[in-house]
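The lines below spell out each chain.
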Amino acid sequence: MKMRQLGALCGFVLLTLAALATGRPKLGPEQKCKSGPVDLVFLIDSSRSVRPHEFETMRKFMIDILNTLDIGLNATRVGVVQYSSQVRSEFSLKAHAKLDSMVKGINQIIPLAQGTMTGLAIRYVMNEAFTPEAGDRPKVPNVAVIVTDGRPQDRVAEVAAEAREKGIEIYAVGVARADMTSLRAMASPPFEDHVFLVESFDLIHQFGLQFQDKLCGMDMCLESDHGCEHICESSPGSYHCLCLPGYTLNDDGKTCTAIDLCAEGKHNCEQLCISSPGSFTCDCNKGYKLNNDKKTCSTIDLCAEGKHDCEQICVSAPGVFTCDCNEGYTLNEDEKTCAPIDLCAEGKHDCEQICVSAPGVFTCGCNKGYKLNKDKKTCTNMDLCKTVEHGCEHQCVSTPGSYYCICPEGQLLQDDGRSCGTCKSANIDLVLLIDGSKSVRPQNFELVKKFVNQVVDSLDVSVHGTRVGLVQYSSRVRTEFPLNKYHTADEIKAAVMKVDYMEKGTMTGLALKHMLENSFSEAEGARPLKRNIPRIGLVFTDGRSQDDITEYAKMAKEAGITMYAVGVGKAVEDELRVIASEPVEKHFYYTTDFTAISTIAENLKLNVCPEESQGEIEVKDPCACESLVEFQHATMSSLEQLNQKLAGMTARLEQLENQLLSRK
């Protein structure tokens, strides 16, 4: 169709030119050749070899062609580009919608009168003239008519080939000195239809004579009311009708009927045949899908393909599915999800105390302190002190389903929950507040850190034993590590040695406030008060506090924190006493020299558990009377405890013996 439009356009152009050359009358507007929409660009040579009167002949040549065309934005659009050593667009394809304004634009062209850069001009037409911005329309034929009188001064073959590949139909018209080889390099094939060479500009119109009958002869399909339903095919002086593929021409020779292969039984579909003119496709009934052979059908198994929303079991039928549930479950109202059958909730059980449900079944259990009998339904109370190895050092007390240990009067139950002792100091939460003010000085601060590590060496540090936290203060307060940071003495000592000296002021009151509100919080590792783990705070300072300490020292002691105060050098004794817990003499220490604080560290542990530490500060003569009396009392106490243990073991042996006899 594109070639027919191009041929009709150019043929009619040439027909008109031939009429002008032979004296035939011009076609009137009603006789214009209806070639269909075409985008046409004239590329005219205005080099210095084209004389002024020759350029005027070329100008008239273009105007005469325009008079034969059906000009309009929806019909034929025309653009003009002239070139010499440079290229200039005179007007684009979208510049003019009417013939009069287009003729006026051609008459205003001023020749460039320079060289002959034909290749440059073709590239401009390809990249600029035939673009949407310049008015080029999609799916509309592009035609370029090149008129030149000489040999190009640049290469044209490559750029012309590129233009033709982009769909531009090129006609090359050579005048006088034009080079035939260059014309053929530029023009579209076949050359006999697209290449023209005349001797002078005065004869430029003659190249259209040979196309008059061929290109603008009457087309019966276009000029007559042929009545063909599908396709009209012209022949000289006549036409005949054709049908599209899949249709057959009726007896009237004009209308067409679709060929229905399904109705004629000319198919091999297993289930459904869908007809289209002259062809068919196969399909399947609902619930089936077409196989790869496009003829046979297979059942659609939505369950197997996972195209369902059943929670448990999918039951497939062709193209559909239903849901079901596993044993012990029932299908919900949504017919997709399943709910467990709870026999306990429905009362369908015979358990004496506790019913434990599982989907569709149940098991029985007992309340705390009871055990399930052999019938797996009823329960019996059990005394764990008599049935388990409780490990209580003194006495085991049974509770339903549990037990606890107690100690004799004057002794405390230790953290293992079984043994008894006179002191529970092994496990404490200890926070040390060390003075990092500028009066301490760097070398003394290192001694302070060694003092801290001496204290740590005296403690049983572990996750469930003693926990240690460290806070440094000066004009501000900084937690060096909280109680829950480290769990071994080596880790704590290594962290202490890495602490940086703060310098500046001495805000002891602010440090006490920080310790009370933060350091002994459970968030920083302090264990809950209900566990009765002793909380101990140790303040180390070398001078007078620059803020009030009274309020927070009092609040700390009221909160159950045992406070120790250690002073060095210029530390104020009154402040140390305010900080220290009662009895004050056992909870505050002072030395004038930093080098002596190691002695304080050695003695400090003695007050943590006075009953157990007494021997460390006083070595007595074992032969003295008091020593013999103490030894006698200690021995009697140990024998009494031993007798209690033997009595417990005897009772246990009797119980086991009775159990063995009852089984016989």
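A quick note: this is a predicted structure, and the numbers were derived from the prediction, not measured.

J.: Can you help me understand the overall build of the protein in this one?
T.: For the protein, the count of helices and strands is 18 helices and 32 strands. Buried residues in the protein amount to 41% of all 664 residues. Long-range pairs, those at least 24 residues apart, make up 58% of the contacts in the protein between residues at least 6 apart in sequence. On the protein, roughly 36,100 Å² of surface is accessible, and the fraction owed to carbon and sulfur atoms is 52%.

J.: How do you make sense of the sheet that holds strand β3 (residues 87–91) when you look at a structure like this?
T.: Either a parallel or an antiparallel arrangement is found when strands of a sheet pair, and the pairing is made through backbone hydrogen bonds. Judged by pairing direction, the sheet is mixed, and its 6 strands sit side by side in the order β3-β2-β1-β4-β5-β6 without closing on themselves. Bordering the open sheet on either side are β3 and β6 (195–198), each of which pairs with just one other strand. Neighbour to neighbour, the strand axes of the sheet diverge by 20 degrees on average, direction disregarded. Sheet topology note: the strand β4 (residues 142–148)/strand β5 (residues 168–175) ladder contains 7 bridges and is parallel. Considered in β5, the bridge of Val147 is made with Val173. Lying over the sheet, helix α4 (residues 118–129) contacts β1 (38–45), β2 (76–83), β3, β4 and β5, oriented at roughly 155 degrees with respect to β1.

J.: I would appreciate a short explanation of the packing of aromatic side chains in the present structure.
T.: For any pair of aromatic rings, the description consists of the separation of the ring centres together with the inter-plane angle of the planes. If you walk through the whole model with that rule in mind, you get 4 aromatic pairs. Here Phe451 and Phe540 contribute two aromatic rings whose centre-to-centre distance is 5.2 Å and whose plane-to-plane angle is 45 degrees, an arrangement assigned as tilted. Remark: Phe540 occurs in strand β30 (residues 535–541) and Phe451 occurs in helix α11 (residues 442–457); sequence separation between them is 89 residues. Judged by centre distance (5.2 Å) and plane angle (75 degrees), the ring pair of Phe481 and Tyr486 falls under edge-to-face. For Phe481, a relative accessible area of 2% gives the class buried. Note on Tyr486: relative accessible area 22%, which makes it partly exposed.

J.: So what exactly am I meant to see when it comes to the sheet that holds strand β31 (residues 561–568) here?
T.: Pairing in this open sheet of 6 strands is mixed, and the strands run β29-β28-β27-β30-β31-β32 from one edge to the other. Among the strands making up the open sheet, the edge pair consists of β29 (477–481) and β32 (588–591). When strand polarity is set aside, the average angle formed by the axes of neighbouring strands in this sheet is 20 degrees. Pairing of β31 with β32, which is carried by 4 bridges, proceeds in the parallel orientation.

J.: Even after reading the chapter, I still don't get the state of the cysteines, so can you show me in this structure?
T.: Any covalent bond linking the sulfur atoms of two cysteines counts as a disulfide. Under the definition given, this model contains 13 disulfides. At a sulfur-sulfur separation of 1.9 Å, the disulfide partner of Cys351 is Cys364. Across the S-S bond of Cys351 and Cys364 the torsion is about -80 degrees, and the bridge reads as left-handed. Of this pair, Cys351 sits in the loop between β18 (338–340) and β19 (354–358) while Cys364 sits in strand β20 (residues 361–365); the two residues are 13 residues apart in sequence, bridging distant segments of the chain. With a relative accessible area of 11%, Cys351 lands in the buried category.

J.: Would you take a moment to explain the nonpolar core for this structure?
T.: For soluble globular proteins, nonpolar side chains are generally found buried alongside one another. One finds Leu430, Phe451, Leu538 and Phe540 to be the most contacted residues of the largest nonpolar core, which totals 31 residues. Broken down by secondary-structure element, the contributors of at least two residues to this core are β27 (429–435), α11, β28 (467–473), α12 (489–497), β30, β31 and α16 (597–604). The element contributing the most residues to this core is α11, with 6 residues. Core analysis: the second largest hydrophobic core is formed by 28 residues, Val38, Met62, Leu66 and Leu99 among them.

J.: What exactly am I supposed to notice about the packing of α11 against α12 here?
T.: When two helices pack together, their arrangement is given by the angle between the helix axes and by the axis-to-axis distance. One can describe the packing of α11 onto α12 by two numbers: an axis separation of 9 Å at closest approach and a directional angle of 170 degrees. Relative to α12, the element α11 lies roughly antiparallel. Of the residues in α12, those touching α11 at Glu446, Lys449, Val452, Asn453, Val456 and Asp457 are Ala489, Ile492, Lys493, Val496 and Met497. In terms of residue class, the contact of α11 with α12 is built from 6 nonpolar, 1 polar and 4 charged.

J.: In this structure, what is going on with unusual backbone geometry? I would like to understand it.
T.: Only a minority of non-glycine residues have a phi that is not negative, and only a minority of peptide bonds are not trans. For the bond running from Pro189 to Pro190, omega is -5 degrees, close enough to zero to count as cis. For Pro190, the location among the structural elements is in the loop between α6 (180–186) and α7 (191–194). Look at the link from Glu582 to Pro583: it is a cis peptide, with omega at -10 degrees. Tracing the backbone shows Pro583 in the loop between α15 (573–579) and β32. Positive phi, normally seen in glycine, also occurs at Lys139, with a value near 60 degrees. Look at Arg441: it is not a glycine, yet its phi comes out positive at around 75 degrees. The residue Arg441 is located in the loop between β27 and α11 in this model.

J.: What's the story with the confidence of the model for the protein in this structure? I'm lost.
T.: Reading predicted coordinates in detail is not appropriate for stretches of low pLDDT. Mean pLDDT over the protein: 82, with 80% of residues reaching 70 or higher. Confidence drops under a pLDDT of 50 for residues 1–31, and excluding neighbours within four residues, the segment shows 70 contacts in the predicted structure. A low-confidence stretch, residues 609–622 stays under pLDDT 50, and its non-local contacts, those more than four residues away or across chains, total 15 contacts.

Calculation notes
- Residues numbered from 1 in each chain as written.
- Predicted model: local features only at pLDDT ≥ 70, side-chain atom pairs only at ≥ 80, totals over all residues.
- Heavy atoms only, no water.
- Helix = DSSP H or I, 4+ residues; strand = E, 2+ residues; numbered from the N terminus.
- Buried < 20%, exposed > 50% of the residue type's maximum accessible area, 1.4 Å probe, protein only.
- Contact = heavy atoms within 4.5 Å.
- Areas by Shrake-Rupley, 256 points an atom, 1.4 Å probe, with all protein chains shown as cover.
- Pairing = 2+ DSSP bridges.
- Axes fitted to C-alpha atoms, helices over the stretch in contact; angles between N-to-C directions.
- Phe/Tyr/Trp six-rings, centres within 6.5 Å; stacked < 30°, edge-to-face > 60°.
- Disulfide = S-S within 2.5 Å.
- Core = buried A, V, L, I, M, F, W, Y, C linked by side-chain atoms within 4.5 Å.
- Parallel < 35°, antiparallel > 145°, perpendicular 65-115°, else oblique.
- Nonpolar A, V, L, I, M, F, W, Y, C, P; charged D, E, K, R; others polar.
- pLDDT = per-residue confidence, 0-100.

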